[in-house]
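Structural overview
Chain by chain, the residues run as shown.
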Amino acid sequence: MAETASATHVRHGSSIGQPLTRRDGVLKVTGQARYAADNHPPGMLHAALAVSSIARGRVTALDIAAARAHPGVVEVMTPANRPPLALDPDAKTGPFVFRMEVLQDDRVRYAGQPIAVVIAETLEAATEGAALLAPRYAAEPVEAGLDAADVFVPEMVGPGAPAREGYGDVEAGLAAAARRVEAVYETPAQYHNAMEPHAVVAAWEGDRLTLDTPSQGLAWAQDRIAGLFGLPPENIHIRSPFLGGGFGSKGVISGPQVLGILAARLVGRPVKLVLRREQMYGPVGHRAPTRQRLRIGAGEDGGLTALDHQVRTATSRFDDFIEPAGSVSHTLYAAPAIAIGYDAVRLDTGTPLFMRAPGEASGSIALESAIDEMALACGMDPLEFRLRNYAEVEPISGKPFSSKALRDCYAQGAARFGWAGRPLQPRQMRDENGLLVGWGMGTATFPALMFHGQARAVLRRDGTGLAELGAQDMGQGAWTALAQLAADSMGLELDQLEFRAGDSRLPDAGIAGGSAHTATAGAALHNAGAEVIARLAELAMADRRSPLFGAGNAGVVARGGSLLRRDDESRGESYGEILARAGLEEIEGRGSGAMDPAVQEHYATHAHGAVFAEVKVDPELGQIRATRLVGAFAAGRIVNPRLVRSQYYGGMIWGVSFALHEQAVMDKRTGRVMNANLGEYHVPVNADVPSLEAILVDEVDPHVNPLGIKGVGEIGITGTAGAVANAVWHATGVRVRRFPIALEELA
Ligand code: MOS
């Protein structure tokens, strides 16, 4: 916040906190919002991927002649004629750089890997051409399950967290415990099934490239492509105004997008390449499966004596991404000894990647289930047990929380749900139709992060303003929430502000991920707004003709497009008057946003919540319905309650999905995902979604960042998945530890 002029004070509250509807909503519901694949530059061709049906080996033959002979086919791109790249696509040049398969050779690393690209005048011709390639392979045996032989202990998990953490003597804590729970929980592989598949429309002009492609991080994407093609980043222009969902898989540029760019290079015309739904199951990441062993000890009083969380997960044979499923155990419950560890196997799959609440989602369903099991072992109500083990400081670091209104979340959620009076034992409640009814709960948590972002703010003589940055809207509402923050920082009404985003030519706003975008981009906008107001105020306060002259010590406030004296708000003038007198058309400010290292050093920063779930289970058929969910979340300042609720609902629905629906079923003999389609890869549809309620619990965080904003995008999955699983146990008395819970395990 170094840019903020101390004498200048923007009055907050005009726009922040308003439950505005999405400013892009009308565009979206009328089909006017242009997603990447809606762009058809003149002369554009269509590309279709041919993908491998084996998971490991080599491609020995492709019938290129047959594909080329098909009417409309223009070219077939294979390793033999693929244009060269300036950088090895397998080079690891940074922690967020992943290896990609872009026809560098005839190796097959996983099923669904691109092995050729057919480029044609029509999508139909390209698709038929790809089918005519009729690949032959030299197949090798595959490893596709968590019991694979090639086990290793990773050095790091996620993009850079330690793989071994802990303190205290876990074994002694377990030995001394009056109650012990030891259990193994399994979570499946999940695939990012965004409504909008990965798509690219690539157009070269000499060594300049224009791309329409959905990206959660424009500057990263620009850098990655610039590196691969040996071009300066400014030669790569990426437009990504709307994403039809990202969930982490659009956080980095992936192989298929690069193949679209290469195809356009090869044929010298613009090319559009869109993944088919089943092609999403391989080259663009997934949530890795986990097997988590939890050992928990508790004393007679219900206080934890030890917590041991050991994670087995999987990564690909050729790259590393380790799902950080133990991370929730850092944070959530106080215990005198905690140990977290990992090992992993190498499988013949695509490399796993970030997927909404990476680590926390898988880890939370295991930890919340185990905590529930321990509450029962101690004969305590699950909420009482969690309160008994409430972490007053972050267990792993000993740091105080920058804020933590989790007690309020528990209390408000429990009251709203009607938790009091829940029978301790399972299988005690039935509804009027004889269905078993169960109630379960879980604690939600997600780190409050910030990345690096920049923004530019302009005030114009006509009284309007402009705020711009290369931010991304995945559907979470960035077009609205960030504009609210910008208008607020510039002392403008929202309708006085022009807001630009989603373009790589704008200042780098960082990545829309880690639930950090609003805090990061919002801080950048806030600082840019503060700077432009400070510059304008300097102009006025130094000018004898201004009513603000001499206001320096008391300062000015910016409101409704005017600067007013703090010591007498009846005296002031409009931005336009100040600029006109100075002979300026406009004035600009720039700002950046990032986590203050001192905050990170002194505080643990997390959002928290409590989720309460009701399920009904058919006692004969085992059919499970989630019927009611109440989540109470505390995440600092709420920029737009309507959008925040929507984020919580989305996360909570994913939690239901995690507990009851979603899994990629792997054929371990072939390494193929057997349900690579939305018919058989189950995600909740409307009929699966219970009554949802999200309570926005007041929380003022004076430390996390100057705006007091924590993220809200991912936390809803955590807590919810475990709450639903615990409710299923409470309904049936059957503890299922392999997710999603299948009805045949209950009957
Ligand atoms: Mo998300 S997995 O932080 O894009």
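Computed from a predicted model, the values in this text were never measured in an experiment. Within each chain, residue numbers correspond to sequence positions counted from 1 in written order. Given that the model is predicted, a residue must reach a pLDDT of at least 70 before its local features are reported, and side-chain atom pairs must reach 80 or more before they are shown or counted; all residues, however, enter totals for whole chains, interfaces and linings. Neither water nor hydrogens contribute to the side-chain values; these are computed over all heavy atoms in the structure.

**Here's the deal with helix α13 (residues 575-582)**
Every buried residue of α13 is accounted for by Tyr575, Gly576, Ile578 and Leu579. For α13, the angular spread of the buried residues around the axis is 165 degrees, confining them to a single face. Considering only its buried residues, α13 is in contact with β22 (453-460), α12 (517-541), β25 (556-559), β26 (562-565), β27 (568-574) and β28 (586-593). Segments assigned H or I by DSSP are reported as helices when at least four residues long, segments assigned E as strands when at least two residues long, and all are numbered from the N terminus. Taken from the residues just after α13, glycine 583 is the one with a positive phi, measuring 75 degrees. Per-residue accessibility, obtained with a 1.4 Å probe over protein chains only, is compared with the maximum for each type, and a residue is labelled buried under 20%, exposed over 50%, and partly exposed between these values. Starting at the helix axis, one direction is taken to each C-beta atom, and the arc is that of these directions. Here a residue-residue contact requires only that any non-hydrogen atoms of the pair lie within 4.5 Å.

**So, the packing of helix α5 (residues 218-229) against helix α6 (residues 255-267)**
An axis is simply a line fitted to the C-alpha atoms; with a helix, the fit covers only the stretch in contact. Between two such axes, the angle follows the N-to-C directions and lies from 0 to 180 degrees. Axis separation between α5 and α6 bottoms out at 12 Å; the angle between their running directions is 50 degrees. Our classification of the angle between α5 and α6 gives oblique. The element α5 and its partner α6 pack so that their crossing is right-handed. Here Ile225, Leu228 and Phe229 of α5 come into contact with α6, specifically with Val258, Ile261 and Leu262. Amino acid classes used here: Ala, Val, Leu, Ile, Met, Phe, Trp, Tyr, Cys and Pro are nonpolar; Asp, Glu, Lys and Arg are charged; the rest, including Gly, are polar. When the residues that make up the contact of α5 with α6 are grouped by side-chain class, the tally is six nonpolar, no polar and no charged. Angle categories: roughly parallel below 35 degrees, roughly antiparallel above 145, roughly perpendicular from 65 to 115, and oblique for all the rest. Working rule for handedness: look at the near helix, and if it is turned counterclockwise from the far one by less than a right angle, call the crossing left-handed; if clockwise, right-handed.

**Description of the sheet that holds strand β6 (residues 114-120)**
Strand pairing follows a simple DSSP-based rule, namely that at least 2 bridges must link the two strands. Judged by pairing direction, the sheet is mixed, and its seven strands sit side by side in the order β4-β6-β2-β16-β13-β14-β15 without closing on themselves. Unpaired on one side and paired on the other, β4 (73-77) and β15 (236-239) mark the two borders of the sheet. When the angles between neighbouring strand axes are averaged without regard to direction, this sheet yields 20 degrees. Relative to β6, β4 runs antiparallel, the two being bridged by four bridges. Within β6, the position partnered with methionine 77 by the bridge is valine 117. Across the sheet, α6 is in contact with β2 (45-51), β4, β6, β13 (199-205), β14 (208-212) and β16 (271-274); its angle to β13 comes to roughly 35 degrees.

**Some thoughts on the packing of helix α8 (residues 360-377) against helix α16 (residues 717-732)**
Packing of α8 against α16 leaves a shortest axis separation of 8 Å and a crossing angle of 40 degrees. Taken as axis vectors, α8 and α16 run oblique relative to one another. The crossing of α8 and α16 is right-handed. Contacts between α8 and α16 involve Glu360, Ala361, Ser364, Ile365, Glu368, Ser369, Asp372 and Leu376 from the former and Ile717, Thr718, Gly719, Ala721, Gly722, Ala725, Asn726 and Trp729 from the latter. Looking at the contact of α8 with α16 residue by residue, the class counts come to seven nonpolar, six polar and three charged.

**Quick notes on the nonpolar core**
Buried Ala, Val, Leu, Ile, Met, Phe, Trp, Tyr and Cys residues that are joined via side-chain atoms within 4.5 Å together make up what is termed a nonpolar core. With 92 residues, the main nonpolar core has Val615, Tyr648, Leu660 and Ile741 as its most contacted residues. When sequence neighbours within four positions are dropped, the list of residues in contact with leucine 660 reads Ile624, Ala626, Val724, Val728, Pro740 and Ile741. Counting 54 residues, the second-largest nonpolar core is a separate cluster that includes Ile16, Met541, Leu563 and Ile587.

**Some remarks on the packing of aromatic side chains**
The description of two aromatic rings rests on the distance between their centres and on the angle between their planes. Aromatic rings from Phe, Tyr and Trp, with only the six-membered ring used for Trp, were paired whenever their centres fell within 6.5 Å, and each pair was classed as stacked if the ring planes differed by under 30 degrees, edge-to-face if by over 60, and tilted otherwise. Taken as a whole, this structure holds 19 aromatic pairs when the rule is applied. Measuring from ring centre to ring centre gives 4.7 Å for phenylalanine 96 and tryptophan 220, while their planes differ by 35 degrees; the resulting arrangement is tilted. Of this pair, phenylalanine 96 sits in the loop between β4 and β5 (107-108) while tryptophan 220 sits in helix α5, and the two are 124 residues apart along the sequence. Residue class for tryptophan 220 comes out partly exposed when judged on its relative accessible area of 35%. With a centroid separation of 4.2 Å and an interplanar angle of 25 degrees, the aromatic rings of phenylalanine 633 and tyrosine 648 are classed as stacked.

**Digging into the confidence of the model for the protein chain**
Per residue, pLDDT measures the predictor's confidence, with a range of 0 to 100. When the pLDDT values of the protein chain are averaged, the result is 96; 98% of them are 70 or greater. When pLDDT is averaged over each element of the protein chain, β6 comes out on top at 99 and strand β1 (residues 8-10) at the bottom at 48. Below a pLDDT of 50 lies the segment residues 1-10, which in the model reaches 26 contacts outside its immediate sequence neighbourhood of four places, other chains included.

**Digging into the pattern of salt bridges**
Just to be clear on terms, a salt bridge is a Lys or Arg side-chain nitrogen sitting within 4 Å of an Asp or Glu carboxyl oxygen. Tallied over the full model, the rule gives 53 salt bridges. Between glutamate 588 and arginine 590 there is a salt bridge, with its nearest N and O atoms 3.1 Å apart. Here glutamate 588 falls in the partly exposed class, since its relative accessible area comes to 25%. A residue is classified by how much of its surface remains accessible, and arginine 590, at 42% relative accessible area, is partly exposed. Among the ionic pairs, arginine 628 bridges to glutamate 614, the shortest N-O distance being 3.6 Å. One end of the pair, arginine 628, is in strand β30 (residues 624-634); the other, glutamate 614, is in strand β29 (residues 606-617), with 14 residues separating them in the sequence. Ionic contacts of the salt-bridge type, sharing partners, join the residues Arg456, Arg460, Glu468, Glu498, Arg500, Glu586, Glu588 and Arg590 into one network.

**Some thoughts on unusual backbone geometry**
Geometrically, the link from phenylalanine 739 to proline 740 is a cis peptide bond, its omega value of 0 degrees lying close to zero. Within the secondary structure, proline 740 sits in the segment after α16. Of note, the phi angle at alanine 134 is positive, near 40 degrees, even though the residue is not glycine. In this structure, alanine 357 is a non-glycine residue whose phi angle is positive, near 55 degrees. Here alanine 357 lies in the loop between β19 (338-347) and α8.

**As for the environment of threonine 315**
Within the fold, threonine 315 resides in strand β18 (residues 304-316). For the pair formed by threonine 315 and leucine 485, sequence separation is 170 residues and the distance between their alpha carbons is 39 Å. Ignoring anything within four residues of it in the chain, the contact list for threonine 315 reads Phe152, Asp320, Phe321, Ile322, Val345, Arg346, Leu347, Thr349, Thr351 and Pro352. There is a polar contact of 3.1 Å between the side chain of threonine 315 and the backbone oxygen of aspartate 319. In the analysis that follows, any N or O atom pair within 3.5 Å is treated as a polar contact, provided that within protein one partner can donate a hydrogen and the other can accept it, and provided that, for residues neighboring in sequence, both atoms belong to side chains.

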